[in-house]
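For reference, the chains in residue letters:
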There are 2 protein chains.
Amino acid sequence: MQEESNTSIFPQGEKITNGYFTGDAFLRILQEKDKNNNFALGNVTFERGARTNWHTHPQGQVLIVTEGIGWYQEKRKPAQVIKKGDVINIPEGVEHWHGASADSRMIHIAITNYQDEENVTWLQPVTDAEYNEVDKK
Amino acid sequence: MQEESNTSIFPQGEKITNGYFTGDAFLRILQEKDKNNNFALGNVTFERGARTNWHTHPQGQVLIVTEGIGWYQEKRKPAQVIKKGDVINIPEGVEHWHGASADSRMIHIAITNYQDEENVTWLQPVTDAEYNEVDKK
């Protein structure tokens with residue numbers, strides 16, 4: 001599973017198996033919350049077609065796309081293409097998902113702020129119908 | 001000044017002219033402090049030999065090296081090589097500097113936490129003698 005990654009910034013990390021992702025996604029933890037850093041810092045690799053469930057963050061999240069092309073969509077809004085070099089400042093409490101496009105993997109760094117001890121609320125999967133609607137061939 | 005940057009994640013940004021850097025360094029601001037994010041997020045490009053002054057952060061800083069090879073040194077400790085893929089969690093109040101090696105530029109993302117409205121205290125330059133001591137030919 002290390003193909004293409006020789007030029008990536010980080011090793012791919014561990015496959016995400018928490019049940020809140022569709023498809024193959026991998027997490028490398030870069031920094032845990034500590035006394036100075038009120039966020040979790042991680043690198044997420046989405047293989048083609050992979051995406052998060054719908055979810056919210058109580059204190060928001062910043063995504064830094066470092067490779068590839070993918071999607072970011074807030075509920076009841078059109079999906080937007082995200083690509084290498086894009087920075088997305090996700091507001092608190094807004095239901096959304098992100099993931100790779102159908103044709104390209106996508107890698108992003110995520111800075112996920114904590115509110116007390118929580119930094120995410122997971123919701124329902126992004127169905128194939130929802131995904132295919134935004135990533136039409 | 002855009003040479004080599006076709007494969008970089010971000011445009012190089014603006015040359016840093018605040019007087020607290022030696023050599024050619026460039027900043028692209030990625031995200032300002034706001035109600036959710038208690039940090040400044042920026043991408044810093046150090047050309048060969050460029051480095052920060054000695055400085056401290058009241059609430060620490062996380063560096064994510066995305067390209068090249070450089071140096072990180074805390075006062076009264078040996079300098080350590082930092083390279084693409086390294087993450088450095090800099091403690092609060094520790095005098096230190098970072099920059100490129102003499103042979104390679106270095107690019108890092110910086111997450112600089114705020115304590116109230118302050119996130120850095122600048123000190124004296126890293127002299128050529130100090131720099132050459134760590135980056136001997």
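Residues numbered from 1 in each chain as written. Chains lettered and ligands numbered in written order. Predicted model: local features only at pLDDT ≥ 70, side-chain atom pairs only at ≥ 80, totals over all residues.

## Thoughts on the relation of the copies chain A and chain B
Next, step 1: Laying chain A over chain B is done by rotating through 180° and shifting 0.0 Å along the axis; what remains is an RMSD of 0.0 Å. Look at the turn and shift together and you get a two-fold axis relating the two. Among all residues of chain A, the one whose C-alpha sits closest to the rotation axis is Asn38 of chain A, at a distance of 4.1 Å.
Next, step 2: Comparing contact sets, 100% of the residues at the interface of chain A also lie at the interface in chain B, consistent with an isologous, same-surface contact. (Least-squares fit on C-alpha atoms with pLDDT ≥ 70 in both. Contact = placed C-beta atoms within 7 Å.)

## A closer look at the interface of chain A and chain B
Next, step 1: Between chain A and chain B, the contact holds 21 residues from the first and 21 residues from the second.
Next, step 2: The set of elements that each furnish at least two residues to the side of chain A that touches chain B consists of strand 3 (25–31), strand 7 (61–74), strand 9 (87–90) and strand 11 (106–113) of chain A.
Next, step 3: Partitioned by chemical class, the residues of the side of chain A that touches chain B number 9 nonpolar, 10 polar and 2 charged. (Helix = DSSP H or I, 4+ residues; strand = E, 2+ residues; numbered from the N terminus. Nonpolar A, V, L, I, M, F, W, Y, C, P; charged D, E, K, R; others polar.)

## A closer look at the environment of Gln80 of chain A
Next, step 1: Within the element layout of this structure, Gln80 of chain A appears in strand 8 (residues 80–83).
Next, step 2: Taking the C-beta count within 10 Å as the criterion, Gln80 of chain A has 14 such neighbours and is therefore assigned partly exposed. (Buried ≥ 20, exposed ≤ 12 C-beta atoms within 10 Å, placed from the backbone.)

## As for the nonpolar core
Grouped burial of nonpolar side chains is what soluble globular proteins tend to show.
Next, step 1: In terms of nonpolar packing, the biggest core is built from 48 residues, with Ile64 and Ile111 of chain A together with Ile64 and Ile111 of chain B touching the most fellow members.
Next, step 2: Counting residues per element, the ones that place at least two in this core are strand 3, strand 4 (39–46), strand 7 and strand 11 of chain A together with strand 3 (25–31), strand 4 (39–46), strand 7 (61–74) and strand 11 (106–113) of chain B.
Next, step 3: Beyond its immediate chain neighbours, meaning those up to four positions away, Ile111 of chain A contacts Phe39, Leu41, Gln61 and Val62 of chain A together with Ile111 of chain B. (Core = buried A, V, L, I, M, F, W, Y, C linked by C-beta atoms within 7 Å.)

## Brief notes about the confidence of the model for chain A
Parts of the model with low pLDDT should not have their predicted coordinates read in detail.
Residues and elements named next belong to chain A.
Next, step 1: Looking at chain A, the pLDDT average stands at 94 and 95% of residues meet or exceed 70.
Next, step 2: Contacts of residues 1–5 to residues separated by more than four positions or lying in other chains number 3 contacts, the stretch itself having pLDDT below 50.
Next, step 3: With pTM at 0.94, the complex prediction returns an ipTM value of 0.94. (pLDDT = per-residue confidence, 0-100.)

## Notes on unusual backbone geometry
When glycine is set aside, most residues are seen to have a negative phi, and most peptide bonds are trans.
Next, step 1: Its identity as a non-glycine residue notwithstanding, Arg76 of chain B has a phi of 65°, on the positive side.
Next, step 2: With respect to the secondary-structure elements, Arg76 of chain B resides in the loop between strand 7 and strand 8 (80–83).

## Some thoughts on the environment of His57 of chain B
All names here are of chain B.
Next, step 1: Within the secondary structure, His57 is located in the loop between strand 6 (55–56) and strand 7.
Next, step 2: Overall, His57 belongs to the buried group, with 23 C-beta atoms counted inside 10 Å.
Next, step 3: Through-space distance from the C-alpha of His57 to that of Glu130 is 21 Å; in sequence the pair is 73 residues apart.
Next, step 4: Once residues within four sequence positions are removed from consideration, His57 is found in contact with Ile90, Glu92, Thr112, Asn113, Asn119 and Val120.

## Concerning the pairing of strand 8 of chain A
Taken residue by residue, a regular strand's side chains alternate between the two faces of the sheet.
All names here are of chain A.
Next, step 1: Alignment of strand 7 against strand 8, held across 4 bridges, turns out to be antiparallel. Bridge pairing in strand 8 places Trp71 opposite Val81.
Next, step 2: Hairpin connection between strand 7 and strand 8: a loop of 5 residues separates the two successive antiparallel strands, and Arg76 in this loop has a positive phi of roughly 65°. (Pairing = 2+ DSSP bridges.)

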